[in-house]
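Read off the chains here:
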Amino acid sequence: MVRVRQFLRPRPRPGRRPRPPGGPLTVSPRPFVRALGLVTVVLFGAWLGLLVVGSVRTPVGPMDTTMTLRPSLTGGTKINVSPLGALELDSHHAPVRLDVDVDRLDPVRSQALVQHPERLAGLQDEVGGDVAAGTRELAVRSCVAVVSGATALGLAVYRRPRRALAAGGLALALLAASGLGAYATWNPKSVLEPRFSGLLSSAPSVVGDARSIVTDFDVYQQELARLVTNVTKLYDATSTLPVYSPDPATLRVLHVSDIHLNPAAWHIIGSLVEQYDIDVIIDSGDTMDHGAAVENSFLDPISDLGAPYIWVRGNHDSAVTQKYLEQKKRFRNVHVLDEGRAVSVGGLRVAGIGDPQFTPDRTGPEQAEDVEGTAGDRLAAALEEQRRAGTPVDIAVAHEPEAARRTDGSVPLALAGHVHHRQNELMKGGTRLMIEGSTGGGGLRAVQNKKPEQVLASVLYLDRSTRRLQAWDEITLGGLGLTTAEVSRHLPAEKTAVPSAPPTSPTPSP
């Protein structure tokens, strides 16, 4: 009987090791390792497939474009306009990003639009149809590219058709899940908040490093002004898409802060005033560095900026600085606000208070906070008096954010600076607090830092009738020695609860 069992037992095949005791479970690899390896092969193969054949060339209106799906951790849509820069939209949240490269402007189709302007009326529908057709073709091509890439790499790695087909099926499932995620998180309003960025040929890199910036500062500030001019022109061109476009009657306020004795800031502000047709400039303080009388001549370019200039004192601005700006013969366009004083300029009513502290007299953070809070209370009391008098204030200005926060519930919009970075919050009482960064890039002292500060400013769009904030553009330049520039548009997601004044006719600025 033993011999019969030995005879019936299957013999090991030549060249193959006999299985050890314990069955097949002891020789198979760990399931987790096998799954991880398969996922790695699928992802890498899908990426290769998209890279090789996952692009679609399609016309969109008068432009020839290339659409591509790319793996991404954040999703979104990126429109590349080489060599000018890119337009980024937060269109969806999924592990795939849509890249649209504008290759060229077709001269034949562009000329047809020029010769037949009546076609412009249907251009929006034409562009929408072109994008939809291109997206459908891109979806089909991406499916083929992902499945083919994952299957081919699976076959090359595992050398088993069944395992290769499993890799292709998993790749298709992952792509379908990404598509569903993009569809579920699709945000059509993202086109209302585009972000344009780019590296322009007229950037200040022609000047060189930080030391040459100091010696050739006139050249640097001219190049920096040209940089912001070009970026705003390009951004204005992209805003002709079906997005939020400010009405010509909209009030436009330029918010600047913390210039810190940087002369390049005046050229940047001048460019923004011209490009955005600014009605009012509001400076929330720290225009100077030491507040000494010898620095006063730095303020002289304000009179040539071409717009009313509202100013409050910062902790680097002295009483000497404030007195110099209060000279009406020298600065006819300047309005110095302090102790809650309010002025009507360009259709807006603005009140403000100067910083109660001067930097050399600062003693400690606890006392500083108490002093700023007291100043904020005085400003809030002044706002309440204005409201009872029938002349409610539209915008309150203070240098320290702590003082500006005390106006919550008394005014629709409060502006501040001091902290050298942007902050935007809707406070509990309904007042929106907007804190601006340094429009002077931290001042000339930034040359001493390892990493220069960015140059920051904001353009606020307010309704001329209600004086309510409709949108704002955040303008960011790379700072001393850097060449990047970015303009991003934002819309208020919440409605403020603070009542504003009834519509009145605009008050002409002095």
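Residues numbered from 1 in each chain as written. Predicted model: local features only at pLDDT ≥ 70, side-chain atom pairs only at ≥ 80, totals over all residues. Heavy atoms only, no water.

Visitor: I would appreciate a short explanation of the packing of aromatic side chains in the present structure.
Guide: Where two aromatic rings form a pair, the distance of their centres and the angle of their planes describe that pair. For the structure shown, the criterion picks out four aromatic pairs. Ring plane angle 65° and centroid distance 5.6 Å describe the contact between Tyr-324 and Phe-331, whose orientation is recorded as edge-to-face. Phe-331 shares its class with Tyr-324; the two are buried. An aromatic cluster is defined as three or more aromatic residues linked by ring pairs; in this entry it consists of Trp-266, Phe-298 and Tyr-309. Lying across the ring of Tyr-158, Arg-163 places its NZ or CZ 4.8 Å from the centre. (Phe/Tyr/Trp six-rings, centres within 6.5 Å; stacked < 30°, edge-to-face > 60°. Buried < 20%, exposed > 50% of the residue type's maximum accessible area, 1.4 Å probe, protein only. Lys NZ or Arg CZ within 6 Å of the ring centre and 35° of its normal.)

Visitor: I'm lost on unusual backbone geometry in this one. Help?
Guide: Leaving glycine aside, a negative phi is the common case for residues, and trans is the common case for peptide bonds. Positive phi outside glycine occurs at Asp-258, with the angle close to 50°. Its location among the elements puts Asp-258 in the loop between strand 7 (251–256) and helix 8 (264–276). According to the relative accessible area criterion, Asp-258 is buried, its value standing at 0%. (Helix = DSSP H or I, 4+ residues; strand = E, 2+ residues; numbered from the N terminus.)

Visitor: What is the right way to read the sheet that holds strand 15 (residues 423–426) from this model?
Guide: What the six strands build is an open sheet, ordered 11-12-13-14-16-15; its pairing is mixed. Bordering the open sheet on either side are strand 11 (341–345) and strand 15, each of which pairs with just one other strand. Between one strand axis and the next, the sheet turns by 20° as a mean value, whatever way the strands run. In terms of strand pairing, strand 13 (residues 395–398) meets strand 14 (residues 413–416) through three bridges, oriented parallel. In the sheet register, Ala-396 faces strand 14, and the bridge partner there is Ala-414. (Pairing = 2+ DSSP bridges. Axes fitted to C-alpha atoms, helices over the stretch in contact; angles between N-to-C directions.)

Visitor: Hey, could you run me through the nonpolar core in this one?
Guide: Generally speaking, a soluble globular protein has its nonpolar side chains buried in company with each other. Core analysis: the largest hydrophobic core is formed by 39 residues, its most contacted members being Leu-254, Ile-269, Tyr-276, Ile-281, Ile-302 and Tyr-309. Considering each element in turn, this core owes the most residues, seven residues, to helix 8. Non-local contacts of Leu-254, meaning those with residues more than four positions away in its chain, are made with Ile-269, Leu-272, Val-273, Ile-278, Val-280, Ile-281, Ile-282, Ala-457, Ser-458 and Val-459. Residues Val-253, Ile-282, Val-350 and Leu-413 belong to the second largest nonpolar core, which totals 20 residues. (Core = buried A, V, L, I, M, F, W, Y, C linked by side-chain atoms within 4.5 Å. Contact = heavy atoms within 4.5 Å.)

Visitor: Looking at this structure, I do not really get the confidence of the model for the chain. What am I missing?
Guide: Fine structural detail should not be taken from predicted coordinates in areas where pLDDT scores are low. Per-residue pLDDT for the chain averages 80, and the proportion of residues at 70 or more is 73%. In the model, residues 199–210 has pLDDT below 50 throughout and makes 30 contacts with residues more than four positions away in sequence or in other chains. Here residues 499–510 scores under 50 on pLDDT; set against residues more than four positions off or in separate chains, the count is 23 contacts. (pLDDT = per-residue confidence, 0-100.)

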